[in-house]
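Analysis of the macromolecular model
Here's the letter readout for the chains.
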Amino acid sequence: MNTMLDKIIIMLTHNDKTVPNAIEVFEENKDLPIKLWGFKDVGMEPAKMKELCAKMREAGKVSFLEVVSYSEEECMRGAKLAVECGFDYLLGTLYYDSVAQYIKEQGLKYCPFAGKVSQSPSILEGTLEEMLAQEADFAAKGVFGTDLLGYRYVDGDPNVLSAEYIKRAKNPVILAGSIASDERMKLVKEMNPWAFTMGSALFNKSFVKDGSFRDNIEHVVNFLKEI
């Protein structure tokens, strides 16, 4: 299978929330050759999140819960939800030792945000050196990887920051958010992150304007096979 296709995480989220019909959307598209799927901890009730996570597992998919929260209490709540639902990975949250320890004990993999992440929708601030120092610290603590909101970067060129960070990071980097064009997918291929997320672009029909969600996801699958 094509390596870029192995790297895409389809997020069943739109405007930073899980779509209400995420279960139906997953069921309609799970036959596509995409292994990695995920959603956010907001927008759907926990019982439905649990059901969706179970369906992903039954379909042989790898599952990711992304938590865009900043306080320790909120981040821990997201971590507990990830465990209760049976996710494979916890993405996001600001890094807290308590969350890292809990996730490790529960056997999940943790990829906290790199840099200074705040606001909603999120923005990323800080220098490359600061982020790399932070990433090295996380790596030393046994954290699996980091979640980089590269295209939400406000202190410089997002492409430059993302490429350098990915190149120099010690552990896997998931490039998250705002990948909504063929051109940007080509840039991501050059950067070569461990994985990257795509969600809103598919619901916004960024690739096939008059098409369905499936038409858009099929465009992405075909494009990633070719590049």
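One structure accompanies this document, and this report is about it. (Residues numbered from 1 in each chain as written. Predicted model: local features only at pLDDT ≥ 70, side-chain atom pairs only at ≥ 80, totals over all residues. Heavy atoms only, no water.)

1. Description of the pattern of salt bridges
Within this structure, the stated rule accounts for 15 salt bridges. Here Arg214 and Asp31 are joined by a salt bridge, their closest N and O atoms 2.8 Å apart. Of this pair, Arg214 sits in helix 10 (residues 213-226) while Asp31 sits in the loop between helix 2 (22-29) and strand 4 (36-40), and the two are 183 residues apart along the sequence. Overall, Arg214 belongs to the partly exposed group, its relative accessible area being 25%. With a relative accessible area of 54%, Asp31 lands in the exposed category. When the shortest N-O distance is used, the salt bridge between Glu218 and Arg214 registers 3.0 Å. In this pair, Glu218 and Arg214 are both assigned in helix 10, four residues apart and thus about one turn of the helix distant. Glu218 gets classed as partly exposed once you look at its relative accessible area, which sits at 29%. Each of Asp16, Lys40, Glu66 and Arg152 takes part in one network of salt bridges that share partners. (Salt bridge = Lys/Arg side-chain N within 4 Å of Asp/Glu carboxyl O. Helix = DSSP H or I, 4+ residues; strand = E, 2+ residues; numbered from the N terminus. Buried < 20%, exposed > 50% of the residue type's maximum accessible area, 1.4 Å probe, protein only.)

2. Some words on helix 4 (residues 72-85)
Taking 1.5 Å of rise per residue, 14 residues should cover 20 Å, and helix 4 covers 20 Å from first to last C-alpha, within 8% of that figure. Looking at helix 4, one finds that the buried residues are Cys75, Met76, Gly78, Ala79, Leu81, Ala82 and Cys85. Along its buried surface, helix 4 packs onto helix 3 (46-58), strand 5 (62-67), strand 6 (89-92) and helix 5 (97-106). Among the residues trailing helix 4, Gly86 stands out with phi positive, at a value near 90 degrees. (Expected span 1.5 Å × (residues − 1). Contact = heavy atoms within 4.5 Å.)

3. Some words on the packing of aromatic side chains
Counted under the stated rule, the structure contains nine aromatic pairs. Ring geometry for Phe144 and Trp194: centres 5.3 Å apart, planes at 75 degrees, overall edge-to-face. With Phe144 in the loop between helix 6 (128-140) and strand 10 (146-148) and Trp194 in the loop between helix 8 (182-191) and strand 12 (195-198), this pair connects stretches of sequence that are 50 residues apart. By relative accessible area, Trp194 is classed as partly exposed at 34%. Aromatic rings pair up to connect Phe64, Tyr89, Phe144 and Trp194 into one cluster. Seen from the ring of Phe144, Lys109 lies directly overhead, with NZ or CZ sitting 5.8 Å from the centre. Seen from the ring of Tyr151, Arg184 lies directly overhead, with NZ or CZ sitting 3.8 Å from the centre. (Phe/Tyr/Trp six-rings, centres within 6.5 Å; stacked < 30°, edge-to-face > 60°. Lys NZ or Arg CZ within 6 Å of the ring centre and 35° of its normal.)

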